[in-house]
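Structure at a glance
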Amino acid sequence: MIKLIPTQELKIGMYVHDLNCDWMAHPFAWSKFKVGTDEEINKISTAGIREIYIDTERGFDAVHAPTTQEVAEKIQLDLVALAAKPNVPQKMSYHEEIERARNVKHHAERTVIKVMNDVRLGKALSLETVEPVVTNITASILRNSGALIGLVGIKDKDLYTFQHSVAVCTLMVAFCQHEGMSEESVHQAGLGGLLHDVGKTRMSHALLNKPGRYNDEEFAIMRRHPEDGHAILSALDGVGPTPLAITLEHHERMDGSGYPFNRGPEEVQRVSQMAAIVDVYDAITADRCYQQAIPPADGLRKLMEWSKHYLSPYFTQSFVRCIGIYPVGTLVRLESQRLGIVTEHNAKDLLKPKVKVIFDTKRNQYIAPKEVDLARSVGHGGADRILGHESARTWFIDLSYFQ
(Lines give C-alpha, C1' and ligand atoms only; values in the text may rest on other atoms or scores of the structure.)
Protein backbone atom coordinates (compact mmCIF):
# COMPACT_ATOMS: atom_id res chain seq x y z
CA MET A 1 0.00 0.00 0.00
CA ILE A 2 1.27 3.47 -0.88
CA LYS A 3 0.93 6.12 1.85
CA LEU A 4 1.88 9.77 2.28
CA ILE A 5 3.94 10.73 5.33
CA PRO A 6 5.71 13.88 6.56
CA THR A 7 9.47 13.65 6.04
CA GLN A 8 10.07 13.91 9.78
CA GLU A 9 8.26 10.57 10.22
CA LEU A 10 10.58 8.76 7.80
CA LYS A 11 12.54 5.94 9.45
CA ILE A 12 15.27 3.50 8.51
CA GLY A 13 13.59 0.45 7.00
CA MET A 14 10.85 2.37 5.22
CA TYR A 15 10.70 2.13 1.42
CA VAL A 16 10.51 5.43 -0.46
CA HIS A 17 8.07 5.00 -3.34
CA ASP A 18 8.11 8.62 -4.54
CA LEU A 19 10.05 11.63 -3.27
CA ASN A 20 7.01 13.71 -4.25
CA CYS A 21 8.76 16.57 -6.01
CA ASP A 22 9.90 17.55 -9.48
CA TRP A 23 12.80 15.40 -10.70
CA MET A 24 15.07 18.44 -10.86
CA ALA A 25 14.30 19.42 -7.25
CA HIS A 26 16.12 16.57 -5.50
CA PRO A 27 19.71 15.28 -5.51
CA PHE A 28 19.00 11.52 -5.47
CA ALA A 29 19.87 9.11 -8.27
CA TRP A 30 16.54 7.33 -7.81
CA SER A 31 13.07 8.21 -6.55
CA LYS A 32 12.46 4.69 -5.21
CA PHE A 33 14.73 3.12 -2.59
CA LYS A 34 14.78 1.55 0.86
CA VAL A 35 16.04 3.90 3.56
CA GLY A 36 19.16 2.41 5.10
CA THR A 37 20.89 5.26 6.93
CA ASP A 38 20.19 8.42 8.89
CA GLU A 39 22.31 10.24 6.30
CA GLU A 40 19.72 9.45 3.60
CA ILE A 41 16.94 10.82 5.80
CA ASN A 42 18.93 13.99 6.48
CA LYS A 43 19.63 14.39 2.76
CA ILE A 44 15.90 14.22 1.99
CA SER A 45 15.14 16.79 4.67
CA THR A 46 17.97 19.08 3.56
CA ALA A 47 16.64 18.98 -0.01
CA GLY A 48 13.48 20.68 1.28
CA ILE A 49 11.22 17.68 0.69
CA ARG A 50 8.33 17.93 3.17
CA GLU A 51 6.22 14.86 2.34
CA ILE A 52 7.02 11.56 0.64
CA TYR A 53 5.15 8.46 -0.44
CA ILE A 54 6.20 5.14 1.08
CA ASP A 55 5.42 1.57 0.00
CA THR A 56 4.31 -0.35 3.10
CA GLU A 57 4.63 -3.71 1.33
CA ARG A 58 8.34 -3.17 0.72
CA GLY A 59 9.23 -1.49 4.01
CA PHE A 60 7.94 -0.44 7.43
CA ASP A 61 4.43 0.98 7.72
CA ALA A 62 3.08 4.27 9.07
CA VAL A 63 -0.25 3.14 10.48
CA HIS A 64 -2.16 6.41 10.56
CA ALA A 65 -0.84 7.87 7.29
CA PRO A 66 -3.34 8.51 4.46
CA THR A 67 -3.24 6.29 1.38
CA THR A 68 -2.81 7.63 -2.15
CA GLN A 69 -6.52 7.10 -2.72
CA GLU A 70 -7.42 9.16 0.34
CA VAL A 71 -5.06 11.94 -0.74
CA ALA A 72 -6.54 11.90 -4.25
CA GLU A 73 -10.11 12.00 -2.96
CA LYS A 74 -9.35 15.07 -0.83
CA ILE A 75 -7.75 16.87 -3.78
CA GLN A 76 -10.68 15.96 -6.03
CA LEU A 77 -13.12 17.52 -3.56
CA ASP A 78 -11.04 20.71 -3.56
CA LEU A 79 -11.02 20.75 -7.38
CA VAL A 80 -14.77 20.22 -7.63
CA ALA A 81 -15.29 23.17 -5.29
CA LEU A 82 -13.17 25.33 -7.61
CA ALA A 83 -14.99 24.12 -10.72
CA ALA A 84 -18.31 25.67 -9.70
CA LYS A 85 -16.92 29.22 -9.61
CA PRO A 86 -17.67 31.29 -12.76
CA ASN A 87 -14.84 31.78 -15.23
CA VAL A 88 -14.22 34.30 -18.04
CA PRO A 89 -15.99 33.41 -21.33
CA GLN A 90 -13.95 33.28 -24.57
CA LYS A 91 -14.30 35.90 -27.32
CA MET A 92 -13.88 33.34 -30.11
CA SER A 93 -14.46 29.62 -30.38
CA TYR A 94 -11.62 27.10 -30.34
CA HIS A 95 -12.25 26.27 -34.01
CA GLU A 96 -12.05 29.94 -35.02
CA GLU A 97 -8.73 30.45 -33.25
CA ILE A 98 -6.84 27.16 -33.61
CA GLU A 99 -5.15 27.83 -36.97
CA ARG A 100 -3.97 31.29 -35.92
CA ALA A 101 -2.78 29.86 -32.61
CA ARG A 102 -0.79 27.22 -34.50
CA ASN A 103 0.97 29.93 -36.49
CA VAL A 104 1.67 31.94 -33.34
CA LYS A 105 3.22 28.90 -31.68
CA HIS A 106 5.48 28.05 -34.63
CA HIS A 107 6.70 31.64 -35.00
CA ALA A 108 7.36 31.89 -31.26
CA GLU A 109 9.37 28.68 -31.20
CA ARG A 110 11.51 29.69 -34.18
CA THR A 111 12.20 33.06 -32.58
CA VAL A 112 13.14 31.61 -29.21
CA ILE A 113 15.48 29.07 -30.80
CA LYS A 114 17.28 31.85 -32.69
CA VAL A 115 17.47 34.20 -29.72
CA MET A 116 18.71 31.54 -27.29
CA ASN A 117 21.32 30.29 -29.73
CA ASP A 118 22.50 33.86 -30.34
CA VAL A 119 22.90 34.42 -26.59
CA ARG A 120 24.79 31.13 -26.30
CA LEU A 121 27.20 32.42 -28.95
CA GLY A 122 27.82 35.60 -26.97
CA LYS A 123 25.49 37.94 -28.85
CA ALA A 124 23.29 40.39 -26.97
CA LEU A 125 19.67 39.43 -26.49
CA SER A 126 17.38 41.52 -28.69
CA LEU A 127 14.23 42.73 -26.95
CA GLU A 128 12.98 44.03 -30.31
CA THR A 129 12.95 40.44 -31.54
CA VAL A 130 11.11 38.89 -28.59
CA GLU A 131 8.60 41.65 -27.76
CA PRO A 132 6.38 40.86 -30.82
CA VAL A 133 6.26 37.20 -29.75
CA VAL A 134 4.66 38.18 -26.45
CA THR A 135 2.26 40.53 -28.26
CA ASN A 136 1.12 37.77 -30.65
CA ILE A 137 0.70 35.26 -27.83
CA THR A 138 -1.32 37.78 -25.83
CA ALA A 139 -3.63 38.46 -28.78
CA SER A 140 -4.28 34.74 -29.25
CA ILE A 141 -4.99 34.22 -25.55
CA LEU A 142 -7.44 37.14 -25.58
CA ARG A 143 -9.36 35.57 -28.47
CA ASN A 144 -9.44 32.04 -27.04
CA SER A 145 -6.95 30.95 -24.39
CA GLY A 146 -7.57 27.24 -24.76
CA ALA A 147 -6.42 26.98 -28.38
CA LEU A 148 -2.83 28.09 -27.79
CA ILE A 149 -2.62 26.52 -24.32
CA GLY A 150 -3.57 23.16 -25.81
CA LEU A 151 -0.94 23.49 -28.54
CA VAL A 152 1.97 24.50 -26.28
CA GLY A 153 1.32 21.40 -24.19
CA ILE A 154 2.55 19.28 -27.12
CA LYS A 155 6.35 19.15 -27.17
CA ASP A 156 9.29 17.46 -28.79
CA LYS A 157 11.63 16.42 -25.97
CA ASP A 158 14.65 17.33 -28.11
CA LEU A 159 13.35 20.93 -28.27
CA TYR A 160 12.05 21.02 -24.71
CA THR A 161 14.06 24.02 -23.48
CA PHE A 162 12.80 26.29 -26.28
CA GLN A 163 9.20 25.01 -26.28
CA HIS A 164 9.08 25.25 -22.49
CA SER A 165 9.91 28.97 -22.74
CA VAL A 166 7.02 29.52 -25.17
CA ALA A 167 4.67 27.49 -22.99
CA VAL A 168 5.57 29.38 -19.80
CA CYS A 169 5.05 32.69 -21.64
CA THR A 170 1.65 31.52 -22.90
CA LEU A 171 0.49 30.25 -19.53
CA MET A 172 1.74 33.37 -17.74
CA VAL A 173 -0.19 35.62 -20.12
CA ALA A 174 -3.38 33.61 -19.60
CA PHE A 175 -2.82 33.46 -15.83
CA CYS A 176 -2.19 37.20 -15.46
CA GLN A 177 -5.21 38.05 -17.60
CA HIS A 178 -7.28 35.73 -15.42
CA GLU A 179 -6.01 37.67 -12.38
CA GLY A 180 -7.22 40.92 -13.94
CA MET A 181 -3.79 42.52 -14.32
CA SER A 182 -3.23 45.54 -16.56
CA GLU A 183 -2.25 45.13 -20.21
CA GLU A 184 1.32 46.28 -19.55
CA SER A 185 1.66 44.05 -16.49
CA VAL A 186 0.47 41.06 -18.52
CA HIS A 187 2.98 41.88 -21.26
CA GLN A 188 5.87 42.17 -18.82
CA ALA A 189 4.93 38.90 -17.12
CA GLY A 190 4.74 37.19 -20.51
CA LEU A 191 8.18 38.56 -21.39
CA GLY A 192 9.50 37.19 -18.10
CA GLY A 193 7.99 33.82 -18.89
CA LEU A 194 9.56 33.76 -22.33
CA LEU A 195 13.03 34.62 -20.96
CA HIS A 196 12.93 32.94 -17.54
CA ASP A 197 15.40 30.20 -18.54
CA VAL A 198 17.80 32.35 -20.57
CA GLY A 199 20.46 31.56 -17.96
CA LYS A 200 20.55 27.99 -19.26
CA THR A 201 22.38 29.31 -22.32
CA ARG A 202 25.46 29.33 -20.07
CA MET A 203 25.16 25.57 -19.55
CA SER A 204 26.77 23.20 -22.03
CA HIS A 205 24.48 21.32 -24.46
CA ALA A 206 25.73 18.04 -22.97
CA LEU A 207 24.73 19.05 -19.45
CA LEU A 208 21.44 20.65 -20.48
CA ASN A 209 20.35 17.50 -22.34
CA LYS A 210 21.92 14.91 -20.06
CA PRO A 211 19.56 11.89 -19.97
CA GLY A 212 20.50 10.72 -16.48
CA ARG A 213 20.77 12.23 -13.04
CA TYR A 214 23.11 15.15 -12.40
CA ASN A 215 25.97 14.60 -10.00
CA ASP A 216 26.44 17.12 -7.18
CA GLU A 217 28.69 19.39 -9.26
CA GLU A 218 26.33 19.36 -12.24
CA PHE A 219 23.35 19.94 -9.95
CA ALA A 220 25.07 23.05 -8.58
CA ILE A 221 25.71 24.37 -12.12
CA MET A 222 22.06 23.85 -13.10
CA ARG A 223 20.88 25.70 -10.00
CA ARG A 224 22.88 28.78 -11.06
CA HIS A 225 20.70 29.46 -14.11
CA PRO A 226 18.33 31.93 -12.36
CA GLU A 227 21.27 34.13 -11.36
CA ASP A 228 22.93 33.72 -14.76
CA GLY A 229 19.67 34.68 -16.47
CA HIS A 230 19.24 37.69 -14.22
CA ALA A 231 22.78 38.83 -15.09
CA ILE A 232 22.11 38.46 -18.84
CA LEU A 233 18.90 40.50 -18.66
CA SER A 234 20.38 43.11 -16.30
CA ALA A 235 22.98 43.94 -18.94
CA LEU A 236 20.26 45.04 -21.37
CA ASP A 237 18.62 48.43 -21.63
CA GLY A 238 14.85 48.48 -21.32
CA VAL A 239 14.27 45.31 -19.30
CA GLY A 240 11.66 45.99 -16.62
CA PRO A 241 11.64 44.73 -13.02
CA THR A 242 9.03 42.02 -13.69
CA PRO A 243 11.08 39.92 -16.18
CA LEU A 244 14.10 40.33 -13.91
CA ALA A 245 12.16 39.12 -10.87
CA ILE A 246 10.63 36.14 -12.69
CA THR A 247 14.00 35.07 -14.07
CA LEU A 248 15.66 35.26 -10.67
CA GLU A 249 12.86 33.90 -8.46
CA HIS A 250 10.94 31.24 -10.42
CA HIS A 251 12.60 28.42 -8.45
CA GLU A 252 11.98 29.93 -5.02
CA ARG A 253 9.44 28.10 -2.86
CA MET A 254 6.95 29.29 -0.24
CA ASP A 255 8.60 27.30 2.57
CA GLY A 256 12.04 28.77 1.80
CA SER A 257 13.38 25.52 0.33
CA GLY A 258 13.90 26.87 -3.20
CA TYR A 259 16.89 28.45 -4.89
CA PRO A 260 18.99 30.48 -5.43
CA PHE A 261 18.33 32.42 -2.18
CA ASN A 262 15.88 30.26 -0.13
CA ARG A 263 13.43 33.16 -0.04
CA GLY A 264 10.04 32.89 1.64
CA PRO A 265 6.66 34.26 0.45
CA GLU A 266 7.19 37.71 1.95
CA GLU A 267 10.40 38.10 -0.09
CA VAL A 268 9.26 36.63 -3.43
CA GLN A 269 7.25 38.90 -5.71
CA ARG A 270 3.70 37.80 -6.43
CA VAL A 271 4.31 37.50 -10.16
CA SER A 272 7.28 35.23 -9.40
CA GLN A 273 5.04 33.06 -7.23
CA MET A 274 2.76 32.75 -10.25
CA ALA A 275 5.69 31.92 -12.53
CA ALA A 276 6.85 29.18 -10.15
CA ILE A 277 3.48 27.45 -10.49
CA VAL A 278 3.46 27.75 -14.28
CA ASP A 279 7.07 26.55 -14.57
CA VAL A 280 6.44 23.44 -12.46
CA TYR A 281 3.19 22.60 -14.23
CA ASP A 282 4.68 22.78 -17.71
CA ALA A 283 7.79 20.86 -16.63
CA ILE A 284 5.99 17.87 -15.11
CA THR A 285 3.47 17.59 -17.96
CA ALA A 286 6.16 17.41 -20.67
CA ASP A 287 8.34 14.54 -21.85
CA ARG A 288 11.98 15.31 -21.16
CA CYS A 289 15.16 13.37 -21.82
CA TYR A 290 15.13 12.09 -18.22
CA GLN A 291 11.41 12.07 -17.32
CA GLN A 292 8.12 10.90 -18.77
CA ALA A 293 5.27 13.39 -18.82
CA ILE A 294 2.22 13.06 -16.60
CA PRO A 295 -1.23 14.01 -17.99
CA PRO A 296 -2.23 17.70 -17.55
CA ALA A 297 -5.03 16.82 -15.11
CA ASP A 298 -2.55 14.91 -12.93
CA GLY A 299 -0.22 17.88 -13.14
CA LEU A 300 -2.88 20.12 -11.63
CA ARG A 301 -3.50 17.63 -8.86
CA LYS A 302 0.21 17.64 -8.07
CA LEU A 303 0.16 21.44 -7.90
CA MET A 304 -2.72 21.28 -5.42
CA GLU A 305 -0.83 18.76 -3.32
CA TRP A 306 2.43 20.74 -3.39
CA SER A 307 0.66 24.00 -2.56
CA LYS A 308 0.64 22.88 1.08
CA HIS A 309 4.33 23.69 1.30
CA TYR A 310 6.03 24.80 -1.90
CA LEU A 311 3.60 26.85 -3.97
CA SER A 312 1.20 29.68 -3.16
CA PRO A 313 -2.20 28.09 -2.29
CA TYR A 314 -4.09 31.15 -3.52
CA PHE A 315 -2.33 31.32 -6.88
CA THR A 316 -2.44 27.55 -7.32
CA GLN A 317 -6.23 27.57 -7.02
CA SER A 318 -6.43 30.56 -9.36
CA PHE A 319 -4.24 28.78 -11.94
CA VAL A 320 -6.46 25.69 -11.83
CA ARG A 321 -9.51 27.84 -12.52
CA CYS A 322 -7.60 29.64 -15.27
CA ILE A 323 -6.79 26.54 -17.33
CA GLY A 324 -9.60 24.27 -16.12
CA ILE A 325 -9.94 21.08 -14.07
CA TYR A 326 -9.35 19.24 -17.34
CA PRO A 327 -7.10 21.57 -19.39
CA VAL A 328 -7.63 21.90 -23.13
CA GLY A 329 -5.89 18.95 -24.78
CA THR A 330 -6.65 16.53 -21.93
CA LEU A 331 -7.85 13.07 -22.88
CA VAL A 332 -10.96 12.21 -20.82
CA ARG A 333 -13.18 9.16 -20.42
CA LEU A 334 -16.90 9.83 -20.69
CA GLU A 335 -19.77 8.00 -19.04
CA SER A 336 -20.59 6.56 -22.49
CA GLN A 337 -17.14 4.86 -22.35
CA ARG A 338 -15.88 6.99 -25.20
CA LEU A 339 -12.63 8.93 -25.06
CA GLY A 340 -12.56 12.58 -25.99
CA ILE A 341 -10.14 15.50 -26.06
CA VAL A 342 -11.11 18.66 -24.20
CA THR A 343 -11.32 21.52 -26.71
CA GLU A 344 -13.06 24.35 -24.87
CA HIS A 345 -14.14 25.18 -21.34
CA ASN A 346 -17.58 26.06 -20.08
CA ALA A 347 -17.18 29.42 -18.32
CA LYS A 348 -19.90 28.53 -15.79
CA ASP A 349 -18.82 24.96 -14.93
CA LEU A 350 -15.29 23.64 -15.53
CA LEU A 351 -16.52 20.04 -15.22
CA LYS A 352 -18.65 20.42 -18.37
CA PRO A 353 -16.33 21.43 -21.22
CA LYS A 354 -16.65 20.77 -24.93
CA VAL A 355 -14.85 17.61 -26.01
CA LYS A 356 -13.94 16.06 -29.35
CA VAL A 357 -14.93 12.39 -29.06
CA ILE A 358 -12.45 10.17 -30.95
CA PHE A 359 -12.38 6.64 -29.49
CA ASP A 360 -14.80 3.92 -28.32
CA THR A 361 -13.26 1.91 -25.47
CA LYS A 362 -15.96 -0.78 -25.59
CA ARG A 363 -15.05 -1.65 -29.19
CA ASN A 364 -11.41 -0.58 -28.75
CA GLN A 365 -11.40 1.43 -31.96
CA TYR A 366 -11.35 4.98 -33.27
CA ILE A 367 -14.61 6.62 -34.24
CA ALA A 368 -15.37 9.57 -36.49
CA PRO A 369 -14.43 12.70 -34.46
CA LYS A 370 -17.50 14.43 -33.06
CA GLU A 371 -17.80 17.47 -30.83
CA VAL A 372 -19.87 17.05 -27.68
CA ASP A 373 -20.86 19.96 -25.45
CA LEU A 374 -21.20 18.43 -21.98
CA ALA A 375 -23.15 21.48 -20.78
CA ARG A 376 -26.01 20.68 -23.17
CA SER A 377 -28.90 18.33 -22.51
CA VAL A 378 -29.87 15.19 -24.42
CA GLY A 379 -30.96 15.91 -27.98
CA HIS A 380 -28.80 19.03 -28.11
CA GLY A 381 -25.36 17.49 -28.53
CA GLY A 382 -24.77 16.72 -24.84
CA ALA A 383 -26.08 14.21 -22.27
CA ASP A 384 -22.70 12.75 -21.27
CA ARG A 385 -20.26 13.47 -18.47
CA ILE A 386 -16.60 13.06 -17.61
CA LEU A 387 -15.69 10.10 -15.41
CA GLY A 388 -12.00 10.95 -15.30
CA HIS A 389 -8.92 11.59 -17.38
CA GLU A 390 -6.80 9.05 -19.25
CA SER A 391 -3.20 8.73 -20.39
CA ALA A 392 -2.88 9.04 -24.17
CA ARG A 393 0.18 6.79 -23.92
CA THR A 394 -1.94 3.98 -22.45
CA TRP A 395 -4.24 4.04 -25.49
CA PHE A 396 -1.45 4.70 -28.01
CA ILE A 397 -3.18 7.91 -29.07
CA ASP A 398 -1.20 10.76 -30.63
CA LEU A 399 -3.12 13.79 -29.39
CA SER A 400 -1.29 16.14 -31.77
CA TYR A 401 -3.02 14.41 -34.69
CA PHE A 402 -6.38 15.76 -33.51
CA GLN A 403 -5.29 19.36 -32.84
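Described below are features of the structure shown in this document. Keep in mind that what you see is a predicted model, and the values were worked out from it rather than measured.

Some remarks on the sheet that holds strand β3 (residues 33-34)
The strands making up a sheet associate through backbone hydrogen bonding, with each pair oriented either parallel or antiparallel. Read from one edge of the open sheet, four strands run β1-β4-β2-β3, paired in antiparallel fashion. Taken across any chain shown, the strands that pair with only one partner, and hence form the sheet edges, are β1 (2-6) and β3. Here strand β2 (residues 15-18) runs beside strand β4 (residues 51-55); their pairing, made up of two bridges, is antiparallel. In the sheet register, Val16 faces β4, and the bridge partner there is Ile54.

Brief notes about the pairing of strand β6 (residues 338-344)
In terms of burial, β6 is largely enclosed, as six of its seven residues are buried. Direction of pairing for strand β5 (residues 331-334) relative to β6: antiparallel, over a ladder of three bridges. Residue pairing in the sheet places Leu331 in a bridge with Ile341 of β6. Hairpin connection, β5 to β6: the antiparallel pair is bridged by three residues, and Gln337 has positive phi, about 70°. As defined by bridge partners, β6 adjoins strand β7 (residues 354-360) across six bridges and the pair is classed as antiparallel. Pairing of Val342 across the sheet is with Val355, part of β7.

Things to note about the packing of aromatic side chains
In total, this model carries eight aromatic pairs according to the counting rule given. Pairwise contacts between aromatic rings join Phe175, Tyr281, Tyr314, Phe315 and Phe319 into one cluster.

Looking at the sheet that holds β6
Strand order in the open sheet formed by five strands is β8-β7-β6-β5-β9, with antiparallel pairing between adjacent strands. Sheet topology places β8 (365-373) and β9 (386-389) at the edges, where each strand pairs with a single neighbour. With strand direction ignored, the average angle separating the axes of adjacent strands in the sheet is 30°.

Quick notes on the pairing of β7
Within β7, six of the seven residues are buried, leaving the element largely enclosed by the surrounding structure. The sheet contact formed by β7 and β8 spans six bridges and is antiparallel. When the bridges of β8 are listed, Phe359 appears paired with Tyr366. Count of turn residues in the β7/β8 antiparallel hairpin: four residues, of which Asn364 carries a positive phi of about 55°.

Let's talk about the pattern of salt bridges
Tallying each qualifying case throughout the model produces 22 salt bridges. Linking Arg385 and Glu335 is a salt bridge whose minimum nitrogen-to-oxygen distance equals 3.3 Å. Residue Arg385 is located in the loop between β8 and β9, and its partner Glu335 is located in the loop between β5 and β6; the two are separated by 50 residues in the primary sequence. The exposure class assigned to Arg385 is partly exposed, which follows from its relative accessible area of 45%. For Glu335, a relative accessible area of 43% corresponds to the partly exposed category.

Let's talk about the state of the cysteines
A full pass over the atoms with the stated rule returns zero disulfides. The structure places no disulfide on Cys169, whose sulfur is separated from the nearest cysteine sulfur, that of Cys176, by 10.0 Å.

Structural notes on helix α11 (residues 241-249)
When you tally the buried positions in α11, you get seven out of nine residues, the bulk of the element. Within α11, burial applies to Pro243, Leu244, Ala245, Ile246, Thr247, Leu248 and Glu249. Those residues of α11 hidden inside the fold are in contact with α6 (160-178), α7 (183-195), α10 (225-234) and α12 (270-284).

Basis of the calculations
Here, residues in each chain are numbered from 1, in the same order as that chain's written sequence. Restriction of local features to residues with pLDDT of at least 70 applies here, the model being predicted, together with a cutoff of 80 or more for giving and counting side-chain atom pairs; totals for whole chains, interfaces and linings are based on all residues. Excluding hydrogens and water, the side-chain figures rest on all heavy atoms present in the structure. Strand pairing is defined by DSSP finding a minimum of two bridges between the two strands. Secondary structure elements follow DSSP: runs of H or I no shorter than four residues count as helices, runs of E no shorter than two count as strands, and numbering proceeds from the N terminus. The buried label applies to any residue whose accessible area, calculated with a 1.4 Å probe on protein chains only, is under 20% of its type's maximum; exposed applies above 50%, and partly exposed to all values in between. The rule is short: rings of Phe, Tyr and Trp, with Trp giving its six-membered ring, pair when the centres are within 6.5 Å, and they are stacked under 30 degrees, edge-to-face over 60, tilted in between. To obtain each axis, a line is fitted to C-alpha atoms, and for helices this fit is confined to the stretch in contact; angles are then taken between N-to-C directions over 0 to 180 degrees. We count a salt bridge whenever a side-chain nitrogen from Lys or Arg sits within 4 Å of a carboxyl oxygen from Asp or Glu. Put simply, a disulfide is two cysteine sulfurs that come within 2.5 Å. The contact criterion used throughout is that any non-hydrogen atoms of two residues lie within 4.5 Å.

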